[in-house]
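Okay, here's what each chain looks like letter by letter:
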Amino acid sequence: KKNKKKMIWLLWFIFDWLCILPIQFFMLSLATFNYFRLLFFQKPNKITITPTFKKKILSGVNENSLLSIAVCALNEEKLIIDALKRLCDATKYKDKTEIVVCVDSTSTDKTFEVVQNCAEKKIFPIPIKVISQFGGRGYSANACLKACSGDLISYLHADCIVPNNYDEKIRNAFKENNKKNPNKPTLMCAFAFGTNKSQIPKDKYPTGLLFMEFTINLRSKYLSLPFGDQLLTFPKVLLDDINGFPNWSIMEDFYIVAKLRRLAVHNEGSIVILDEPVYCSPRRWVKFGTWRVTLANQLVILSYCFGATTDEVYHFYYGRNYGANNNNNSN
């Protein structure tokens, strides 16, 4: 029986790798194809970075810039307090940082009440604003944009863990790159991608997880295409100028990154990827396996690129319409 179990495990292990390798390479190939398509066949005509606007971006970011952390949450009652505590502990310059938490109004737990109680009692050393918004992640991102008063805005998923002194590293990345390349102002900064291994049960470690992280970081660093889980940070003047995020329930981060990527490819701006990772929750990979999650992500991107509406994409990804039976986290 033991030999039979070992044989079954080995066959599943081999099967997983036979799926992981082509799917991850397909992900890289798709990103590479789009990169060169932008480079040779498309011009950055959707946003124009004028000399005046370049100066506006450059002058708005320095070592004293106020950093706003926009945390979008859905049904995170159980972990939101720990997430905010970790965020505050990792912040070096607390007097130059603010936190805005936007709770999706379709949440079925008490995430909003929990955060509101913390804000009113000033439990944390960083000021916290809490708002609620209906419509999904794009609507929440725009609600945060309106509520934030910082020169830089970082979008953080509630289940992600930031590195220590992340705020200093973000400011330095903008400052140093803008000083080095004044003709290519920093349009966006992101950290490397990682998953929180401490949350993975020993008997449920997903096959190929480290390889998946490696390929995603190749895509981020060399093809200027980071994930939304990587603490995307933007100058507020830039987001205001392009009217923020699209009001969609999903794909808002992909849309905005693709928009700025087009400028970066044509040397009108820079996308900076820092080496240190932000760790996101591994729950999707533990539940579904590495290759299934990557495959689903690529199918979502392809369906969107071939004309599917964001409502259709949302239904495909989560198996339900936005707001229906919203009992699980959707970040």
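Anything mentioned here points back to the structure above.
A brief look at the structure comes next. Remember, predicted model here, so these are calculated numbers, not experimental data.

Quick notes on the rules
- Sequence positions are assigned chain by chain, starting from 1 and proceeding in written order.
- For this predicted model, a pLDDT threshold of at least 70 governs which residues receive local features, and a threshold of 80 or more governs which side-chain atom pairs are given and counted, while totals over whole chains, interfaces and linings are taken from all residues.
- Note that the side-chain values use all heavy atoms of the structure and ignore hydrogens as well as water.
- Starting at the N terminus, helices and strands are each numbered in turn, a helix being any DSSP run of H or I of at least four residues and a strand any DSSP run of E of at least two.
- What qualifies as a polar contact is a pair of N or O atoms within 3.5 Å, subject to a donor-acceptor requirement within protein and to the restriction that residues adjacent in sequence count only when both atoms come from side chains.
- Any two residues whose heavy atoms approach within 4.5 Å are treated as being in contact.
- Multiply 1.5 Å by the residue count of a helix minus one, and that product is the helix's expected span.
- For every residue, the accessible area (1.4 Å probe, protein chains only) is compared with the maximum for its type, and the residue is labelled buried under 20%, exposed over 50%, or partly exposed between those bounds.
- A patch consists of residues whose relative accessible area exceeds 30% and which take part in no salt bridge; residues with like charges are grouped when within 9 Å of each other, and nonpolar side chains (Val, Leu, Ile, Met, Phe, Trp, Tyr) when within 5 Å.
- Each accessible area value is a Shrake-Rupley result obtained with a 1.4 Å probe; residue values ignore everything except the protein chains displayed when judging cover.
- Salt bridges, as used here, are contacts in which a Lys or Arg side-chain nitrogen is within 4 Å of a carboxyl oxygen on Asp or Glu.
- What counts as a ring pair is set by centres within 6.5 Å for rings of Phe, Tyr and Trp (its six-membered ring), and what kind of pair is set by the plane angle: stacked under 30 degrees, edge-to-face over 60, tilted for all other angles.
- Lysine NZ or arginine CZ positioned within 6 Å of the ring centre and within 35 degrees of the ring normal marks a charge as sitting over the ring.
- Put simply, buried Ala, Val, Leu, Ile, Met, Phe, Trp, Tyr and Cys residues joined by side-chain atoms within 4.5 Å make one nonpolar core.
- Criterion for a disulfide: a pair of cysteine sulfur atoms at a distance within 2.5 Å.

### Section: the side chain of T91
Alright, step 1. Position of T91 relative to the elements: it lies in the loop between α3 (80–90) and β2 (97–104).
Alright, step 2. At a separation of 2.7 Å, a polar atom in the side chain of T91 contacts the side chain of Y166.
Alright, step 3. Ignoring any residue separated from it by four or fewer positions in sequence, one finds T91 in contact with T97, I126, Y166 and D167.

### Thoughts on the environment of A296
Alright, step 1. One can find A296 in helix α11 (residues 290–305).
Alright, step 2. In contact with A296, other than residues within four places in its own chain, are F316 and Y317.

### Focus on helix α1 (residues 2–41)
Alright, step 1. With 40 residues, α1 extends 57 Å from end C-alpha to end C-alpha; this agrees with the ideal 58 Å at 1.5 Å per step.
Alright, step 2. Taken together, the buried positions of α1 are D16, C19, I20, I23, Q24, M27, L28, L30, A31, N34, Y35 and L38.
Alright, step 3. Where α1 is buried, its residues touch α7 (209–223), α9 (252–265) and α11.

### Re a nonpolar patch on the surface
Alright, step 1. On the surface, M7, W9, L10, L11, F13, I14 and L18 cluster together to form a nonpolar patch covering roughly 720 Å² of accessible area.
Alright, step 2. Take M7: it is sitting in helix α1.

### Digging into the packing of aromatic side chains
Alright, step 1. Inspection of the entire model under this criterion finds 19 aromatic pairs.
Alright, step 2. Measuring from centroid to centroid gives 5.1 Å for F134 and Y322, while their planes differ by 70°, and the two rings are edge-to-face. Here F134 is found in the loop between β3 (128–133) and α5 (137–147), whereas its partner Y322 is found in the segment after α12 (310–318), with 188 residues between them in sequence.
Alright, step 3. Taking 6.0 Å as the distance between ring centres and 85° as the angle between the ring planes, the aromatic pair formed by F234 and F245 counts as edge-to-face. Of this pair, F234 sits in strand β6 (residues 232–235) while F245 is found in the loop between α8 (236–241) and α9, placing the two residues 11 residues apart along the sequence. For the pair formed by F234 and F245, the shared burial category is buried.
Alright, step 4. Through a chain of ring-to-ring contacts, three or more aromatic side chains come together here, namely F134, Y314, Y317, Y318 and Y322.
Alright, step 5. The ring of Y93 carries K96 above its face, with NZ or CZ at 4.7 Å from the centroid.

### A short note on the nonpolar core
Alright, step 1. Among the nonpolar cores identified, the biggest contains 45 residues, and I99 and Y166 are the most heavily contacted of them.
Alright, step 2. Top contributing element to this core by residue count: α3, with five residues.
Alright, step 3. Setting aside anything within four residues of it in sequence, one finds Y166 in contact with L67, I69, L87, A90, T91, T97, F191 and L231.
Alright, step 4. A31, V100, C144 and V257 belong to the second-largest nonpolar core, a separate cluster that totals 36 residues.

### Focus on the state of the cysteines
Alright, step 1. In total, this model carries zero disulfides according to the counting rule given.
Alright, step 2. A disulfide-free cysteine, C72 has its sulfur positioned 4.3 Å from the sulfur of C144, the nearest such atom.
Alright, step 3. On the basis of relative accessibility, which here comes to 13%, the residue C72 falls in the buried class.
Alright, step 4. Here C88 stays unpaired: no disulfide links it, and the sulfur of C118, its closest cysteine neighbor, is 9.6 Å away.

### Quick notes on the pattern of salt bridges
Alright, step 1. Counted according to the given criterion, the structure contains 13 salt bridges.
Alright, step 2. In this structure, K85 engages D89 in a salt bridge whose closest nitrogen and oxygen atoms are separated by 3.1 Å. Highlighted residues: K85 and D89, both in helix α3, separated by four residues, approximately one helical turn.
Alright, step 3. K236 is the partner of D240 in a salt bridge, and the nearest nitrogen-oxygen pair spans 3.2 Å. In this pair, D240 and K236 are both assigned in helix α8, four residues apart and thus about one turn of the helix distant.
Alright, step 4. Among the residues examined, D240 registers a relative accessible area of 40% and is labelled partly exposed.
Alright, step 5. Residue K236 is classed as buried on the basis of its relative accessible area, which comes to 16%.

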